[in-house]
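Residue-level listing of the chains:
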Amino acid sequence: MRHHLLTVMVTASVLLAIASPASAAEVEISLKSNGFSPAEVTVPAGEAITLTVRNLDATPAEFESKELKVEKVIAGNSSIVVKLRPLKPGRYVFFDEYHEDVAKGTLIAK
Amino acid sequence: MIAALIIVFREILEAGMIVGIVLAATRGVVASRLWIAGGIAAGVLGSFVAAACIGVITAAFSGMGQELLNATILSIAVVMLATHNSWMSRHGRDLARHVKATGEAVSAHRKSLAALAIVVGLAVLREGSEVALFLYGSIAAGGSSALSMMAGGMLGLASGAALTVLTYFGLLRIPGKLLFPVTSALITFIAASMAAQAVFFLEQAGVVTTLAATAWDSSGLMPQDGFTGSILHSLIGYNDQPSWMQVAVYILTVFLISCLMRVFRSHSSRLIQRAISGSHLPVAR
């Protein structure tokens, strides 16, 4: 009986841990006319970050950053969520691979 | 136009090289061209489907659908490549020596061919869907630039095909005896590279979190998207900022496939020895 109770408690705590991840700073940027706004965004260093990228254009984009280790397609008029692990202080460049010449931005971790 | 050419070429570089290597690895195998063409066709078709469903794919698995799909595609390809190399290390030498193929060898070739056709299809699917989205975006954007973007995209596809041809004929210049070991080695490295890329997507999805620190940064020395970097990335999986986990999985994959090949090879030489000593297999005279 005690054994069962233990199992239930462990399961519940595991489920809770999955359901409520450690608090992450939330940042949102958008992509319009093949440009990021804001093109420079500051985030706290050493904290997990949830980055939402909204594509306000009707055409698809590919959000990419080698430094942030992200590569993700965004359909037209939709958004993606990227979970970033705690970053060291510094500047991290990101871009839309389909329009790399114009669509560039920087994430600054402080 | 040049920008579109470069984007499309960069996207399909890896698939283009894989097709070239697979073509060289299966040269002379009955129906291999048909299988590979089938793989490419299925990959192209799949690309359009994946591009059309990108919204659904992205939303799946609480927004991590793209990452998990990529990781799955890459993992299947790795298993197929490992299987191919194992089978071929048992039977490839029969083919190289022009020994009359046994029934078992023929069936192994057929299975191996199917495995490679799947790899080709998956490689084309993964990179083709991004090209399809890019080209769709170029058309949808309309205006005068749409036409030149499309032209650039088509030229990019053509350069990818040219790279396939170049890889194929380049490999065929290798003397017959060495071709099999070289293509086997290349396939091993491609498998390791794909395994490391699967780790990249699992890390991005937050599934893999251990050993996530960057092992080295050689982007200043040789950027991965530069000329040499891209070619090395496609051939042996060069990465200018890998995580330690990616490095570990890369090495582990090379090690495991090499072990598998050795095990299968020693098994095959035992069979041959038994055949020669005439213990139970008739020897052709």
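All values derive from a computational prediction rather than experimental measurement.

**Some thoughts on helix H2 (residues 32-52) of chain B**
Residue and element names in this part refer to chain B.
Logical step 1: A rise of 1.5 Å per residue sets the reference length of H2, with its 21 residues, at 30 Å; its end C-alpha atoms lie 30 Å apart and thus fit the reference within 8%.
Logical step 2: Along H2, the residues that are buried comprise Ser 32, Trp 35, Ile 36, Gly 39, Ile 40, Gly 43, Ser 47, Ala 50 and Ala 51. Taken down its axis, H2 places every buried residue within 135° of arc, on the same side. Within H2, the exposed residues directed more than 90 degrees away from the buried face are Leu 34 and Val 49.

**Points about the pairing of strand S9 (residues 104-109) of chain A**
Each regular strand carries side chains that alternate between the two faces of the sheet.
All names here are of chain A.
Logical step 1: Of the two faces of S9, only one is covered, namely that formed by Gly 105, Leu 107 and Ala 109; the face formed by Lys 104, Thr 106 and Ile 108 stays uncovered.
Logical step 2: Relative to S9, strand S3 (residues 40-43) runs parallel, the two being bridged by four bridges. Bridged to Val 41 within S9 is Leu 107.
Logical step 3: Bridge analysis of strand S8 (residues 90-96) against S9 gives six bridges, and the strand direction is antiparallel. Among the inter-strand pairings, Phe 95 is bridged to a residue of S9, identified as Lys 104.

**What about the packing of helix H1 (residues 2-25) of chain B against helix H8 (residues 227-236) of chain B?**
Residue and element names in this part refer to chain B.
Logical step 1: Across the interface, H1 lies against H8 with an axial gap of 9 Å and an inter-helix angle of 40°. Looking at the two axes, H1 sits oblique to H8. Here H1 and H8 pass one another in a crossing that is right-handed. In contact with Arg 10, Leu 13, Glu 14 and Met 17 of H1, H8 contributes Ser 230, Ser 234 and Leu 235.
Logical step 2: Within the contact of H1 with H8, the residues separate by chemical class into three nonpolar, two polar and two charged.

**Overview of the packing of H1 of chain B against helix H6 (residues 143-172) of chain B**
Residues and elements named next belong to chain B.
Logical step 1: Where H1 contacts H6, the axes come no closer than 7 Å and their chain directions differ by 25°. Comparing the axis directions of H1 and H6 gives the class roughly parallel. The chirality of how H1 crosses H6 is right-handed.
Logical step 2: For the contact of H1 with H6, a count of residues per class yields 22 nonpolar, nine polar and no charged.

**Focus on the sheet that holds S3 of chain A**
All names here are of chain A.
Logical step 1: Sheet architecture is open: five strands sit in the order S3-S9-S8-S5-S6, paired in mixed fashion. Strand pairing shows two members of the sheet lacking a second neighbour, S3 and strand S6 (70-74), which therefore form its edges. For this sheet the average axis-to-axis angle between neighbouring strands, irrespective of direction, equals 20°.
Logical step 2: Across five bridges, strand S5 (residues 61-65) lies against S6 in antiparallel orientation. Paired with Ser 65 across the strands is Val 70, a residue of S6.

**Details of the interface of chain A and chain B**
Logical step 1: Taken together, the contacts link 18 residues of chain A with 21 residues of chain B.
Logical step 2: Contributions of two or more residues to the side of chain A that touches chain B are made by S6 and strand S7 (78-84) of chain A.
Logical step 3: The greatest single-element share of the side of chain A that touches chain B, amounting to four residues, is contributed by S7 of chain A.
Logical step 4: By residue class, the composition of the side of chain A that touches chain B is eight nonpolar, two polar and eight charged.

Cut-offs and rules
- Residues numbered from 1 in each chain as written.
- Chains lettered and ligands numbered in written order.
- Predicted model: local features only at pLDDT ≥ 70, side-chain atom pairs only at ≥ 80, totals over all residues.
- Helix = DSSP H or I, 4+ residues; strand = E, 2+ residues; numbered from the N terminus.
- Expected span 1.5 Å × (residues − 1).
- Buried ≥ 20, exposed ≤ 12 C-beta atoms within 10 Å, placed from the backbone.
- Arc of directions from axis to C-beta.
- Pairing = 2+ DSSP bridges.
- Axes fitted to C-alpha atoms, helices over the stretch in contact; angles between N-to-C directions.
- Parallel < 35°, antiparallel > 145°, perpendicular 65-115°, else oblique.
- Left-handed = near helix turned anticlockwise from the far one by under 90°.
- Contact = placed C-beta atoms within 7 Å.
- Nonpolar A, V, L, I, M, F, W, Y, C, P; charged D, E, K, R; others polar.

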